[in-house]
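# Understanding the architecture of this molecule
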Amino acid sequence: MSRFLARLSSGPPIVADGGMGALVASAAPRLRVPEEANLVAPEVVVSVHVGYIRAGAELIETNTFGANRAKLAARYLDDDTARINSEGVKLAREAREVSGADVLIAGAIGPLGEGAIVVDRGAVYAEQAEALQARGVDLFMVETFYELEELETAIAAVRSVSSLPVVALLSFDADGETAGGVGAAEAAARMAELGVAACGANHGSGPQAALTALAAMGDSGLPLAALPNLGLASRWGNRIVYPHADVEYFGDFAAQARDLGARIVGGCCGTTPVQIAAIREALREERPVAQPIFTPEPSRGPRGLSHPEESRFAEALRERRFAATVEINPPKGGSVEGLLELCRALRDSGKVEFLDVTDNYTARARMNPMMAAAAIEQQVGIETIPHLTPRDSSVMGLESILLGAHAAGLRNVLAITGDPPDVGDYPGARGVYEVDSIGLCRLLQRMNEGESFAGKALDAPTSFFYGVAVNPTADDLDEELRRFERKVEAGARFAITQSLFDLAFLDEFERRLGGWPVPVLLGVFYVTSYPLALRLHNEVPGIVVPEPVRERFRAAGADAAQVGFEVARELIAEARSRVAGIEVIAPFKAPLAALDLLPEPQPAQEPVPTAPRTESSARRTSGRGTP
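All of these numbers come straight from a predicted model, not from anything done at the bench. Here the residue numbers are simple positions, counted from 1 along each chain's written sequence. With the structure being a predicted model, the display of local features is reserved for residues of pLDDT at least 70 and the display and counting of side-chain atom pairs for 80 or more, all residues being used for whole-chain, interface and lining totals. Computation of side-chain values: all heavy atoms of the structure, hydrogens and water removed.

## Section: helix α10 (residues 207-217)
Relative accessible area decides the class of each residue, using a 1.4 Å probe on protein chains only: under 20% of the type maximum gives buried, over 50% gives exposed, and in between gives partly exposed. Here a helix means four or more residues in a row that DSSP labels H or I, a strand means two or more in a row labelled E, and each is numbered from the N terminus. Where burial is concerned, most of α10 is hidden: 8 out of the 11 residues are buried. Burial in α10 covers these residues: Pro207, Ala209, Ala210, Leu211, Thr212, Ala213, Leu214 and Met217. Between two residues, a contact is recorded if the distance between any of their heavy atoms is within 4.5 Å. Elements that come into contact with the buried residues of α10 comprise α9 (184-194), β6 (198-203), β7 (224-228), α11 (247-259) and β10 (262-265).

The structure is reproduced here in structure tokens:
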């Protein structure tokens, strides 16, 4: 049995060290990464180690947390990968000799980092582990992983080059879940299957989060470890700062961690020898918990599905009323008065029941469509279908927007991919695009089921009625069919087509699809000039204006606007038996002209039976952007 395993199984819990990176970086400025200090400021690294040993640490970690080739390459240090790791072990051994304490040395291995482009992640971890073992570590501390799958990859890689014990640590939030939505109990069960020496929590949001995770890991049968951050970090100018936790607080944390089964207790970011000394005193004196800092919460039970209140738009489609919506653009300024005045005029016509609100179409910044839609619904009383694109927000930002929209009473959403930002007012800019419209549908689907995109429970499920764009005139129709099916698989409940000028495209798409699985609205563009028809056909992705239609506009000359009206009315009349409704894109700066095209409200028909659903992403540009 290794020296570490023998110690792990007997005596009081092992006292580990605290955060290395911040202390090393503060003592050796201008480092590209803290691990560079192993080469350029070795005396600083030894001093930090000795400080932790004198505070009572029995286990110290090498200054190699981020010393993998992928991370070092970002700072042009990848050629020194083996040397940085080897020196990291050498300096820890020197600190052991200087202090005269027979401490254990753990080879620290962290994740590759966000955005790392690596073909073989396992090879990167194996390279680091091999360098650490060659210099003489007692064990490996594979730590601060946010994804269980990546942790498993790292463990397998370490095992491929070494038989030394592995301690596996994940980072958990206050609810005891990883960033990927994996609960602590599930993670510990998986670690037990892999046969690691110990598992637990490190980094995270502080001691309480670590204790929450430990409480859930107790049934795994593994020795547990807790090495949390000092608390939540914040930014002060260019500095990252941590709260000033009382020493007694960390002592109570250590005592409570021990009572929950922890066999290794230490710290991570923000902790110093002061906190480690408090841990040592609490564990060596077998001190009882003076003030519990964590109380297990009762189980919340299974997550429930939403029982949505039906939107009027959803009701109209279900009852097979021919639904008509007019596309409008939010204002470019900070006032909604002009927008509300327009909406009141559309409402008072008696023809408009729904309005869809664009999201920075053509990549030009306007008021957020959810906020504009909420103002319309609350002050005008017309139900809206706001568009939402993942171009401008991360997944977290999209969830935040949607939760606020739901609280404001919005229920309908059109999920689109959106125009690239460099086609508008932001040349050279890149969109966020953590997901596309298919991923946005999945996000909405999960929120309706009561969880976030990462799989974490929401306080209450949402009840969005969401749809997607579809383009029957796409250049690659096979790809468009595939993406549309994927959108419907992700729960889309309706679709709006790209602007069409010939229903033959619609019929062919439906034929190849085998029938529409969800209600579909026809996109109708009210074209008023021959140059506009030419531009739509030649310059706007995804729109086809057939040659006979273009010729009608050309021959009309000054009467082209009348021809545009006739073309749109003909399409609407022809489509009534084929589609569930229409979306009218009015002439530029003349939204009230859409009223001339809208039919009178129709009575309800027999409800449409629910069809099996499948998922897609289409290209919508005119007023919508890329779907």
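Back to the text.
## Here's the deal with the packing of α11 against helix α12 (residues 273-284)
For helices, the axis comes from a line fit to the C-alpha atoms of the stretch in contact; other axes are also lines fit to C-alpha atoms, and the angle between any two N-to-C directions lies between 0 and 180 degrees. Look at α11 against α12: their axes get within 8 Å of each other, and the N-to-C directions meet at 45°. What the angle tells us is that α11 and α12 run oblique. Considering the relative orientation of α11 and α12, their crossing is right-handed. Where α11 approaches α12, its residues Val247, Phe250, Gly251, Phe253, Ala254 and Arg258 are matched on the opposing element by Val274, Gln275, Ala278, Ile279, Ala282 and Leu283. For this classification, the nonpolar set comprises Ala, Val, Leu, Ile, Met, Phe, Trp, Tyr, Cys and Pro, the charged set comprises Asp, Glu, Lys and Arg, and every other residue, Gly included, is treated as polar. In the contact of α11 with α12, the residues fall into 9 nonpolar, 2 polar and 1 charged. Comment on the angle field: the value is read as roughly parallel under 35 degrees, roughly antiparallel over 145, roughly perpendicular from 65 to 115, and oblique elsewhere. By definition, turning the near helix anticlockwise from the far helix through less than a right angle yields a left-handed crossing, and turning it clockwise yields a right-handed one.

## Let's talk about the pairing of strand β15 (residues 465-470)
Within β15, 6 of the 6 residues are buried, which leaves it mostly tucked inside the rest of the structure. In this description, strands pair whenever DSSP reports at least two bridges between them. Pairing of strand β14 (residues 412-415) with β15 involves 4 bridges; the strand directions are parallel. Across the sheet, Val413 pairs through a bridge with Tyr466, a residue of β15. In this structure, β15 lies alongside strand β16 (residues 494-499), joined through 4 bridges in parallel fashion. Following the sheet pairing, Ala469 is matched in β16 by Ile496.

## Here's the deal with the environment of Gly221
Within the element layout of this structure, Gly221 appears in the loop between α10 and β7. Sequence separation of Gly221 and Val182 is 39 residues, and the distance between their C-alpha atoms is 19 Å.

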